[in-house]
Structure formats: structure tokens, C-alpha cells
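# Examining the three-dimensional arrangement
Here is what each chain is made of, one letter per residue.
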Amino acid sequence: MSCEGTAQDPEIFRCRMCGDCCRGYGGTALAKEDIDAISRYIGVDRRRFLQEYCIVSGPRILLTQSSDGRCIFWDKLCTIHPVKPSMCKAWPYLPAVLTDPSNWKAMGSVCPGIRTDLPEDVVLRCVRTKIKKRRLSKAS
Ligand code: SF4
Ligand code: SF4
């Protein structure tokens, strides 16, 4: 049991829908399956999607950003929510938090949905559980 939102097992994150994570911060990287899923979802072929909605940055393919620095798919909310990139789906339950729990506080400084007032063991337990669930659902 973890992140149940109870006094014994508090919720460690609740998205405030502010969109701050959809702006800047090195851009949103796409995995191959993200490219396929988003192209299908918005009804363009893969090639056109890569040309019109992506940029290449070294080895990474990133979603382009609007002039205000926000992701091209941000419009008061994520307009591709059902197929948003795995990087966006994973936030904020990242393996980097398990590697170094101080990352949780650093992430909290840019994401108002992250609770930074909880003991480290509570955060770690919840992040570990969420990552495990994500892996299990991907495998099934
Ligand atoms: S910055 Fe955090 S609270 Fe704001 S939209 Fe992103 S995940 Fe949600
Ligand atoms: S794909 Fe959606 S959730 Fe991800 S950065 Fe763009 S607008 Fe935000």
C-alpha cells in the first residue's frame, strides 16, 4: 500500500494543472513508441510529425515548443493527454528519485504538485510503488 492519501500513507503528489512542467527544462524527449502513438492520434504520418512537431537535439528527438517556451501540444492543458510521451506520463515518479532522493525536492521547486514536506522514506516508498506498477502495466 502506498500513496493512498491517508494520514498514515499520504499522497505525495497531486497535479495542479499549471503546465509549468510543459515549459522549457530541456524539452520533452520522445521514445519511438511515443512518435508512433502521437502521429496516429493527431492523424499525420510519422514523417510529417517528425518534420512539423519535432526537433532533433543530439541523439534526442524533442517536441517543438511555442514562442512562449511551452510544448507545442500545450493549450491550457495537454491536448494529447491520452498519448502523451512516456516522459510526461512518468512524472514525477522517476527512477532518479530512488537513485538520489534529493531529486524529489529539486523537482518540487519546479512543480507545485509535489509535496516536499514529507519524510524521505514516505516519498521513496510511494515512488518505488508507482514505478513498479508502471512497469507491471507496461509488461501486461
Ligand atoms: S508542474 Fe507539476 S503541478 Fe504543474 S502541471 Fe506539471 S506536474 Fe502538474
Ligand atoms: S506532451 Fe503534454 S504533458 Fe507532455 S510536455 Fe507536452 S503538453 Fe506537457
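Residues numbered from 1 in each chain as written. Chains lettered and ligands numbered in written order. Predicted model: local features only at pLDDT ≥ 70, side-chain atom pairs only at ≥ 80, totals over all residues.

### With respect to unusual backbone geometry
Our working definition: We count a stretch as a helix when DSSP gives it H or I for four or more residues in a row; a strand needs E for two or more, and each element gets its number in order from the N terminus.
Looking along the chain, the bond that leaves Trp91 and enters Pro92 is cis, with omega of 0°. As for its placement among the helices and strands, Pro92 is situated in the loop between helix 3 (86-90) and helix 4 (95-99). Within the chain, Met17 stands out as a residue other than glycine whose phi angle is a positive 60°. Take Met17: it is sitting in the segment before helix 1 (32-42).

### A closer look at the pairing of strand 2 (residues 60-63)
Just so we agree on the cut-off: A pair of strands counts as paired when DSSP detects no fewer than two bridges linking them.
Taken together, the four bridges between strand 1 (residues 54-57) and strand 2 define a ladder with antiparallel strand orientation. Counted as the bridge partner of Ile55 is Leu62 from strand 2.

### Considerations on helix 6 (residues 120-139)
Keep this limit in mind: Expected span of a helix, by definition, is 1.5 Å for each gap between consecutive residues, and there is one gap fewer than residues. In this scheme every C-beta is placed from the backbone, and a residue whose C-beta has 20 or more other C-beta atoms within 10 Å is buried, one with 12 or fewer is exposed, and one in between is partly exposed. Picture the helix axis, draw a direction to every C-beta atom, and the arc is the one those directions span. The contact criterion used is a C-beta to C-beta distance within 7 Å, with each C-beta placed from the backbone.
Taking 1.5 Å per residue, 20 residues should reach 28 Å; helix 6 reaches 28 Å between its end C-alpha atoms and fits that length. Within the sequence span of helix 6, burial applies to Val123, Cys126 and Val127. All buried residues of helix 6 project into a common sector of 95° when viewed along the axis, lining one side. Residues of helix 6 that are exposed and point over 90 degrees away from its buried face: Asp121, Lys132, Arg135, Leu136 and Ala139. Elements in contact with the buried residues of helix 6: helix 4 and helix 5 (102-108).

### Details of the domain arrangement of the protein
Note on interface size: it is often stated as the accessible area lost on association of the parts. Quick reminder of the rule: Each domain's extent is set by a domain assignment, obtained either automatically or from a database.
Here the protein is partitioned into domain 1 (25-82) and domain 2 (92-140). On a C-alpha basis, the centroid separation for the pair domain 1 and domain 2 is 24 Å.

### Let's talk about the site of ligand 1
Our working definition: Each residue gets a C-beta atom placed from its backbone. If that atom is within 6 Å of a molecule or strand, the residue is near it. Polar here means any residue outside two lists: the nonpolar Ala, Val, Leu, Ile, Met, Phe, Trp, Tyr, Cys and Pro, and the charged Asp, Glu, Lys and Arg; Gly therefore counts as polar.
Around ligand 1, a shell composed of Cys15, Arg16, Met17, Cys18, Gly19, Asp20, Cys21, Trp91, Cys111, Pro112 and Gly113 is seen. Across the shell around ligand 1, the residue classes tally to seven nonpolar, two polar and two charged.

### Quick notes on the nonpolar core
Nonpolar side chains tend toward joint burial in soluble globular proteins. Inclusion rule: In this usage, the nonpolar core is the set of buried Ala, Val, Leu, Ile, Met, Phe, Trp, Tyr and Cys residues whose C-beta atoms join them within 7 Å.
One finds Ile12, Phe13, Tyr93, Val97, Trp104, Ile114, Val123, Cys126 and Val127 forming the largest nonpolar core, which totals nine residues. The contact partners of Ile12, leaving out residues within four places of it in the chain, are Cys3, Arg115, Leu118, Val122, Val123 and Cys126. Core analysis: the second largest hydrophobic core is formed by eight residues, Leu30, Tyr53, Leu63 and Trp74 among them.

### Observations regarding the site of ligand 2
Near ligand 2, the surroundings consist of Cys22, Thr28, Leu63, Cys71, Phe73, Trp74, Cys78, Ile80, Lys84, Pro85 and Cys88. Residue composition of the shell around ligand 2, by class: nine nonpolar, one polar and one charged.

### A short note on the environment of Arg23
As for its position among the elements, Arg23 is in the segment before helix 1. For Arg23, a count of 16 C-beta atoms within 10 Å gives the class partly exposed. When the C-alpha atoms of Arg23 and Gln65 are compared, they prove to be 7.9 Å apart, with 42 residues separating the residues in sequence. Filtering out sequence-adjacent residues up to four positions away, Arg23 remains in contact with Gly69 and Arg70.

### Thoughts on the environment of Ser66
As for its position among the elements, Ser66 is in the loop between strand 2 and helix 3. A residue is classified by how many C-beta atoms lie within 10 Å of it, and Ser66, with 13 of them, is partly exposed. Residues Ser66 and Ile114, spaced 48 residues apart in sequence, show a C-alpha to C-alpha distance of 25 Å.

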